[in-house]
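The primary structure of each chain is shown beneath.
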Amino acid sequence: MCGRFVSASPPDEIATYFGATLADERLLEPSFNVAPTDDVYAVAADAGQRRLDTFHWGLVPGWAEDPSVGSRMINARAETVASRSAFRPAFEARRCIVPADGFYEWKAVPGRAKKQPVYIRSRDGRPLALAGLWERWHPRGRDGDESLHSCTIITTTANALLEPVHDRMPVILPPDVWDLWLAPDTRAADAQALLVPAPTAMMQFHAVSDRVGNVKNDDAQLIEEVDEHETASEAGADQIPGQGSLL
């Protein structure tokens, strides 16, 4: 799954890297511990141009009675994204890229009761382009209310590097397929072909503090490397080691 990630780069730098215009005047604070239902940046196509905008993390389908359903749709599985009713409409026409500096996962460590959080990023330090979908939701019978833009991150089977950590990972799109992925008229079959594990050579990870398990902790120290065999610290009630994919 992908349940926590880092989005700490300045939005103008993110927009430049993805060749996008910065569309939203409401800028987000840098976060080293982005959690489900937070607002996040995503790149989507608008009249043939890339736009960097803010979205609610947790897809809310147009037919949903209320936006709370989004908390159960932070991830979509690559194997079923084209067939599930919650994701199919967005997969066919509203694909996006969720930029991330890196993401967290938890792995089992021999001799340690708690799973060890690790921080996963690209070897060259460039942002990760996580494959996503976006939707527009509007409250029924309430004319004039603004619509909610939400998104989800697509996951696939883990590559050889991350398989010992977790059996799934977010789909990471290379730059040469960004246009194909974002174009609304791309055939579903062609989009589906892009949902594969990233090459192991492009990625690396290291152990980080258990503090990341508590969403109240949000600082640059969360991504600093630690000894995975050291005694686990108190992480808080909302620590998520051992939690499987939501979908």
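Everything below is about the structure printed above this text.
Residues numbered from 1 in each chain as written. Predicted model: local features only at pLDDT ≥ 70, side-chain atom pairs only at ≥ 80, totals over all residues. Heavy atoms only, no water.

Assigned secondary structure in the chain consists of four helices and 13 strands. Buried residues in the chain amount to 49% of all 247 residues. Taking contacts inside the chain between residues at least 6 apart in sequence as the whole, the part at least 24 apart equals 69%. About 11500 Å² of surface is accessible on the chain, with carbon and sulfur atoms providing 49% of the total. (Helix = DSSP H or I, 4+ residues; strand = E, 2+ residues; numbered from the N terminus. Buried < 20%, exposed > 50% of the residue type's maximum accessible area, 1.4 Å probe, protein only. Contact = heavy atoms within 4.5 Å. Areas by Shrake-Rupley, 256 points an atom, 1.4 Å probe, with all protein chains shown as cover.)

For the rest of this paragraph, the subject is the sheet that holds strand β1 (residues 5-7). Spatially, the five strands line up as an open sheet ordered β3-β1-β8-β9-β13, and their pairing is antiparallel. Among the strands making up the open sheet, the edge pair consists of β3 (31-34) and β13 (203-207). If you compare each strand with its neighbour and ignore which way they point, the axes differ by 30° on average. (Pairing = 2+ DSSP bridges. Axes fitted to C-alpha atoms, helices over the stretch in contact; angles between N-to-C directions.)

Further remarks concern the packing of aromatic side chains. Under the definition given, this model contains seven aromatic pairs. On the basis of an interplanar angle of 65° and a centroid distance of 5.1 Å, the ring pair of F5 and W57 is categorised as edge-to-face. One end of the pair, F5, is in strand β1; the other, W57, is in strand β5 (residues 49-57), with 52 residues separating them in the sequence. Taking the relative accessible area as the measure of exposure, W57 reaches 0% and is therefore buried. Geometry around W181 places R95 over its ring, the cationic atom sitting 5.6 Å from the centre. (Phe/Tyr/Trp six-rings, centres within 6.5 Å; stacked < 30°, edge-to-face > 60°. Lys NZ or Arg CZ within 6 Å of the ring centre and 35° of its normal.)

Further remarks concern the nonpolar core. Judged by nonpolar contacts, the single largest core of 35 residues is most densely connected at I97, I154, L173, W181 and L195. Of all elements in the fold, only α1 (11-17), β4 (39-46), α2 (88-93), β10 (128-137) and α3 (178-182) reach the threshold of two or more residues within this core. Counting residues per element, this core draws most heavily on β10, which supplies four residues. In this structure, C2, V40, C96 and W134 belong to the second largest nonpolar core, which totals 27 residues. (Core = buried A, V, L, I, M, F, W, Y, C linked by side-chain atoms within 4.5 Å.)

A few words now on the environment of W178. Within the secondary structure, W178 sits in helix α3. In contact with W178, not counting residues within four places along its chain, are Y17, F18, R50, I97, A129 and L173.

This part takes up the environment of W134. Its location among the elements puts W134 in strand β10. Here the alpha-carbon distance between W134 and G58, two residues 76 residues apart in the chain, equals 9.2 Å. Once residues within four sequence positions are removed from consideration, W134 is found in contact with A44, F55, L59, A90, R94, R95, C96, H149, S150 and C151.

Now for the pattern of salt bridges. Evaluation of the coordinates by the stated rule reveals eight salt bridges. Ionic pairing is found between R50 and D179, a salt bridge with its closest N-O pair at 2.7 Å. With a gap of 129 residues between them, R50 in strand β5 and D179 in helix α3 connect regions that are remote in the sequence. Its salt-bridge partner being R168, residue E79 comes within 2.8 Å of it at the nearest N-O pair. Of this pair, E79 sits in the loop between β6 (75-77) and α2 while R168 is found in strand β12 (residues 168-170), placing the two residues 89 residues apart along the sequence. On the basis of relative accessible area, E79 is assigned to the partly exposed category, the value being 46%. (Salt bridge = Lys/Arg side-chain N within 4 Å of Asp/Glu carboxyl O.)

On to the pairing of β5, then. Residues in a regular strand point their side chains to alternate faces of the sheet. The buried fraction of β5 is high, at seven of nine residues. In the sheet, strand β2 (residues 21-22) pairs with β5 via two bridges, with the strands oriented parallel. Bridge pairing in β5 links T21 to R51. As paired strands, β4 and β5 are joined by eight bridges and run antiparallel to one another. Bridging from a neighbouring strand, D46 pairs with Q49 of β5. Hairpin connection of β4 to β5: two residues between the antiparallel strands, including A47 at a positive phi of 55°. Relative to strand β11 (residues 148-157), β5 runs parallel, the two sharing two bridges.

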